[in-house]
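Residues per chain, in single letters:
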Amino acid sequence: MAFRRRNKSYPFFSQEFLIQNHADIVFSLVILVLIGLMFETTAKTAILFIQPQHNATTLSPEGEVTFYHYGWKDSATILFYTFIAIILHAVVQEYLLDKVNRRLHLSKSKNTKFNESGQLCVFHLVSSVWSLYIVITEGYLFHLSSLWENYPHLHLRFQVKFFYLTQLAYWLHALPELYFQKVRKEEISRQLQYICLYLLHIAAAYLLNLSRVGLVLLFLQYVSELGFHIARLFYFTDENHQKMFDLWAIGYVFTRMVTLTLMFLAVGFGLARSENQGLDLEMGNFNTVLIRMTVLLLVCFTQSWLLWKFIRFQLRRWRESRLEQALRKKAAAKQPLRPLKRDSSEYRLGHHENGVLKAENGASPRSKKLKSP
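None of the values given here were measured: they were computed from a predicted structure.

*Asks:* Describe the packing of aromatic side chains, and please don't skip the residues or the numbers.
*Replies:* All chains considered together, the criterion is met by 25 aromatic pairs. When the ring of phenylalanine 228 is compared with that of tryptophan 248, the centres are 4.9 Å apart and the planes differ by 50°; the resulting orientation is tilted. Taken as a pair, phenylalanine 228 in helix H7 (residues 211-237) and tryptophan 248 in helix H8 (residues 243-270) lie far apart in primary sequence, 20 residues in all. One aromatic cluster in this structure is built from Tyr68, Tyr70, Phe80, Tyr81, Trp130, Phe158, Phe162, Phe163, Tyr164 and Tyr206. Residue placement shows arginine 256 over the ring face of tyrosine 252; its charged tip is 4.5 Å from the ring centre.

*Asks:* So what's going on with helix H5 (residues 158-180)? Which residues, and what values?
*Replies:* Counted at 1.5 Å a residue, the expected span for H5 with its 23 residues is 33 Å, and the 32 Å between its end C-alpha atoms agrees. Of all the bends in H5, the greatest reaches close to 25° and is centred on alanine 174; the proline proline 176 follows between one and four positions later. Judged by how many residues are buried, H5 sits mostly within the fold: 17 of 23 residues are covered. Lysine 182 lies just past H5 and shows a positive phi near 55°.

*Asks:* Explain the nonpolar core to me, and be specific about the residues and the numbers.
*Replies:* Residues Leu147, Tyr164, Trp171, Ile202, Leu215, Tyr222 and Met263 are the most contacted members of the largest nonpolar core, which totals 56 residues. Take this core: its biggest share by element is eleven residues, from H5. Contacts of tryptophan 171, omitting those with residues within four sequence positions, involve Leu120, Phe123, His124, Tyr194, Ile195, Tyr198, Leu199, Ile202 and Tyr222. Ranked by size, the runner-up nonpolar core spans eight residues in total, among them Phe245, Trp248, Ala249 and Leu306.

*Asks:* Can you explain the pattern of salt bridges? Please cite residues and give values.
*Replies:* Tallying each qualifying case throughout the model produces seven salt bridges. The salt bridge partner of arginine 190 is glutamate 116, with a shortest N-O separation of 3.0 Å. Of this pair, arginine 190 sits in helix H6 (residues 185-207) while glutamate 116 sits in helix H4 (residues 108-138), and the two are 74 residues apart along the sequence. Taking the relative accessible area as the measure of exposure, glutamate 116 reaches 11% and is therefore buried. Among the residues examined, arginine 190 registers a relative accessible area of 29% and is labelled partly exposed. Taken together, the shared-partner salt bridges connect Glu116, Arg184, Glu186, Glu187, Arg190 and Arg232 into one network.

*Asks:* Tell me about the side chain of arginine 256, and name the residues and values.
*Replies:* Note that arginine 256 resides in helix H8. The buried charged residue arginine 256 lacks any salt bridge, with glutamate 225 as its nearest oppositely charged partner at 5.5 Å. A polar atom in the side chain of arginine 256 sits 2.5 Å from the side chain of glutamine 221. Looking at arginine 256, its side chain comes within polar contact range of the side chain of glutamine 303, at 2.4 Å. Those residues within four positions of arginine 256 in sequence are excluded, and the remaining contacts are Gln221, Ser224, Gln303, Leu306 and Leu307.

*Asks:* I'd like a rundown of empty space enclosed by the protein, residues and numbers included.
*Replies:* Under the counting rule described, the total for this entry stands at one cavity of 30 Å³ or more. Considering only enclosed or pocket space, the largest cavity measures out at about 60 Å³ in volume. Surrounding the largest cavity, Tyr151, Leu208, Leu210, Val267, Leu271, Phe286, Asn287, Ile291, Arg292 and Val295 form its lining. Broken down by secondary-structure element, the contributors of at least two residues to the lining of the largest cavity are strand S4 (285-287) and helix H9 (289-334). With three residues, H9 is the largest single contributor of residues to the lining of the largest cavity. Partitioning the lining of the largest cavity into residue classes produces eight nonpolar, one polar and one charged.

*Asks:* Can you explain a nonpolar patch on the surface? Please cite residues and give values.
*Replies:* Residues Ile31, Leu34, Ile35, Leu37, Met38 and Phe39 make up a contiguous nonpolar surface patch of roughly 550 Å² in combined accessible area. Structurally, leucine 34 is set in helix H1 (residues 15-36).

*Asks:* How would you summarise the environment of valine 33 if you had to cite specific residues and measurements?
*Replies:* With respect to the element layout, valine 33 can be found in helix H1. According to the relative accessible area criterion, valine 33 is buried, its value standing at 18%. Contact partners of valine 33, with chain neighbours within four places excluded, come to Ala46, Phe49, Ile50 and Phe80.

*Asks:* Could you give me a rundown of the packing of H4 against H6, with the residues and numbers involved?
*Replies:* Relative orientation of the contacting elements H4 and H6 amounts to 10°, with a least axis distance of 13 Å. If you check the angle between H4 and H6, you find them roughly parallel. Only Glu187, Arg190, Gln191, Tyr194 and Tyr198 of H6 make contact with H4, whose side of the interface consists of Lys113, Glu116, Leu120 and His124. Its residues placed into classes, the contact of H4 with H6 shows three nonpolar, two polar and four charged.

Conventions used here
- Residues numbered from 1 in each chain as written.
- Predicted model: local features only at pLDDT ≥ 70, side-chain atom pairs only at ≥ 80, totals over all residues.
- Heavy atoms only, no water.
- Phe/Tyr/Trp six-rings, centres within 6.5 Å; stacked < 30°, edge-to-face > 60°.
- Helix = DSSP H or I, 4+ residues; strand = E, 2+ residues; numbered from the N terminus.
- Lys NZ or Arg CZ within 6 Å of the ring centre and 35° of its normal.
- Expected span 1.5 Å × (residues − 1).
- Bend = angle between axes of the 7 residues up to and from the residue.
- Buried < 20%, exposed > 50% of the residue type's maximum accessible area, 1.4 Å probe, protein only.
- Core = buried A, V, L, I, M, F, W, Y, C linked by side-chain atoms within 4.5 Å.
- Contact = heavy atoms within 4.5 Å.
- Salt bridge = Lys/Arg side-chain N within 4 Å of Asp/Glu carboxyl O.
- Lys, Arg positive; Asp, Glu negative; His and termini not counted.
- Polar contact = N/O pair within 3.5 Å; in protein donor to acceptor, adjacent residues only side chain to side chain.
- 1 Å grid on protein atoms, 1.4 Å probe; cavity = no way out; pocket = protein on both sides within 12 Å on 5 of 7 lines; lining within 4 Å.
- Points joined across faces, edges and corners; volume = space filled by probe spheres on them.
- Nonpolar A, V, L, I, M, F, W, Y, C, P; charged D, E, K, R; others polar.
- Patch = residues over 30% accessible without salt bridge, like charges linked within 9 Å, V, L, I, M, F, W, Y side chains within 5 Å.
- Areas by Shrake-Rupley, 256 points an atom, 1.4 Å probe, with all protein chains shown as cover.
- Axes fitted to C-alpha atoms, helices over the stretch in contact; angles between N-to-C directions.
- Parallel < 35°, antiparallel > 145°, perpendicular 65-115°, else oblique.

Here you go:
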């Protein structure tokens, strides 16, 4: 696969070369790993990058079942799927978003935000559908007590572990994309904030064996973010589409409330009443008062900060709309009255004065005698 780039010649591995050809370089590395599967001497090493590791097979009434837990080999798998995410990012940008941008003719600032929302819209759509499928098949949705029962949830099914690895890979790929996409300096801090927040919360849920609670919360978060980016895309296509932001605002507040409720229910009450109390690294048990309080404070602080930013944004938007309405009323009040339209014959003959038509020299025009038939 070769991606279209500008016809410029840069020295190999220079800054410009890396920016313009990063997807091709990463694609070559992925192909190199896949070729390693074809040879016996390199297959064991190549499989570390492709397939999730740290698995164990146990017997169950359904037969042999393979479960996974985390370990240091996960870093190789995350690195490989980070490369995959960079390639997919380039594919979506070149074959979807760039074609839409050519038709919309957006400004440079709007074009950057449109690309950001387009990429995140695709990711949130795939992740929300995927997480919903896992939550339903694993039975977490209809049995909320399973979110904290039988803790620690050290052994994961393949789909759960693979979901977490790809989530970490995606948000790690977003860091070099800030450099590759030439994001403006004033936008870097904002994007770094939500990238680091996602990485922190996903890694905490994965490493502290809170994968079940994390799955449900990620599903809620991704659905909320999907609504925002869809509304944003519609707004860039037509600025009259404002109602979708109102629907998103209701869902945003609802998501924050449900997130806090689930965290207090699962961590604050469920794990506090669990029999497995204490710190045991070998068993993956982190059910201590200090860790529970740290997790709750982290989630509460994050949700409160998000709500505060949301309220400030809505207040600023309300003030701007009120100011715009006031300026429109002043402009309408100062608008002068339109002059009355007159017939063209009036300007040829003269003007009206007290209901009498006057000629240009001030005398009344003579009435034309009608000829008898």
